[in-house]
Each structure stands twice: as structure tokens, then as C-alpha cells.
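Notes for the structure review
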Amino acid sequence: MKDNVNHPDHYKSGKYECIEVMRDILTEEQMKGFCLGNALKYLWRAGKNGDFIEDVNKAQWYLDYIERMYMDA
């Protein structure tokens, strides 16, 4: 089943997702900034380039990711 919010196919290369590689390469502060920027981007464009709810869910995914980063630390 296609999942454009949690595991979009276009962000995978082999067995890795881009977000996983980024978390290995970027500092914690850089990763938080990236996630906040993406959340803002999806809220800003919500409904303008497709499904409003999908955009809101994508923004929430990035905010949840930041929360998981804090929980893992």
C-alpha cells in the first residue's frame, strides 16, 4: 500500500530512507532545523498542491520526528 506520509517511495534508495541517512550525517541541531523547516513548508502549502489533510499529516510527521529524537536521546 502506498504511504505518502510515513514512507514515501520517492525518499527510498535501496533499503535506506533519506531521513535515516540525514540523521546519521547531520548534527542534532541541524536535524531539528530541517524537520521544523519541512513542517513549516507543508503547513504553508497545505491544500495548494494537492490534498490538504495529507500536507497537514506530513507536517505532523516532521514534528513527531523531532519528539522521537528527544525521546531517543
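Everything that follows concerns the structure shown earlier in this document.
Throughout, residues of each chain are indexed from 1 in the direction in which the sequence is written. Only residues with pLDDT of at least 70 are given local features in this predicted model, and only at 80 or more are side-chain atom pairs given and counted; all residues enter the totals for whole chains, interfaces and linings. In computing side-chain properties, one takes all heavy atoms of the structure into account and sets aside hydrogens as well as water.

In this section: the overall build of the chain. For the purposes of this entry, the term helix denotes a DSSP run of H or I that reaches at least four residues, the term strand denotes a run of E that reaches at least two, and both are numbered from the N terminus. When its secondary structure is counted, the chain shows 3 helices and 2 strands. Classification of residues uses two cut-offs on accessible area relative to the type maximum, computed with a 1.4 Å probe and protein chains only: under 20% is buried, over 50% is exposed, and between them is partly exposed. Among the 73 residues that make up the chain, the fraction classed as buried is 27%. Each accessible area is a Shrake-Rupley result for a 1.4 Å probe, and residues are judged covered by the shown protein chains and nothing else. When the accessible area of the chain is evaluated, it comes to approximately 5,400 Å², of which 56% is carbon and sulfur surface.

For our purposes a nonpolar core is just a set of buried Ala, Val, Leu, Ile, Met, Phe, Trp, Tyr and Cys residues, chained together by side-chain atoms within 4.5 Å. Core analysis: the biggest nonpolar cluster contains 13 residues, and I19, M31, C35, W61, Y62 and Y65 have the highest contact counts within it. Mapped by element, the contributors of at least two residues to this core are helix 1 (18-25), helix 2 (28-45) and helix 3 (52-72). Top contributing element to this core by residue count: helix 3, with 6 residues.

Topologically, D55 is positioned in helix 3. Every residue pair with non-hydrogen atoms within 4.5 Å of one another is taken to be in contact. Excluding its chain neighbours within four sequence positions, the residues that come into contact with D55 are Y42, R45, A46 and G47.

Right, let's talk about the packing of aromatic side chains for a bit. Pairs were defined over the aromatic rings of Phe, Tyr and Trp, the Trp ring being its six-membered one, requiring ring centres within 6.5 Å. Orientation was assigned from the angle between planes: stacked under 30 degrees, edge-to-face over 60, tilted for the rest. Under the criterion given, the structure shown has 4 aromatic pairs. Their ring planes at 80° and their centres at 6.0 Å tell us that F34 and Y62 sit as a pair that is edge-to-face. Within this pair, whereas F34 is found in helix 2, its partner Y62 is found in helix 3, the two being separated by 28 residues in sequence. Y62 sits in the buried class, given a relative accessible area of 10%. Ring centres 5.2 Å apart and planes at 25° place the aromatic pair W61 and Y65 in the stacked group.

Moving on: the pattern of salt bridges. We define a salt bridge as a side-chain nitrogen of Lys or Arg found within 4 Å of a carboxyl oxygen belonging to Asp or Glu. Tallying each qualifying case throughout the model produces 5 salt bridges. K32 serves as the salt-bridge partner of E29, at 3.6 Å between the closest nitrogen and oxygen. Of this pair, E29 and K32 both sit in helix 2, separated by 3 residues, roughly a single helical turn. Owing to a relative accessible area of 9%, K32 belongs among the buried residues under this scheme. The salt bridge involving D55 is made with R45; its shortest N-O contact spans 3.0 Å. Of this pair, D55 sits in helix 3 while R45 sits in helix 2; the two residues are 10 residues apart in sequence, bridging distant segments of the chain.

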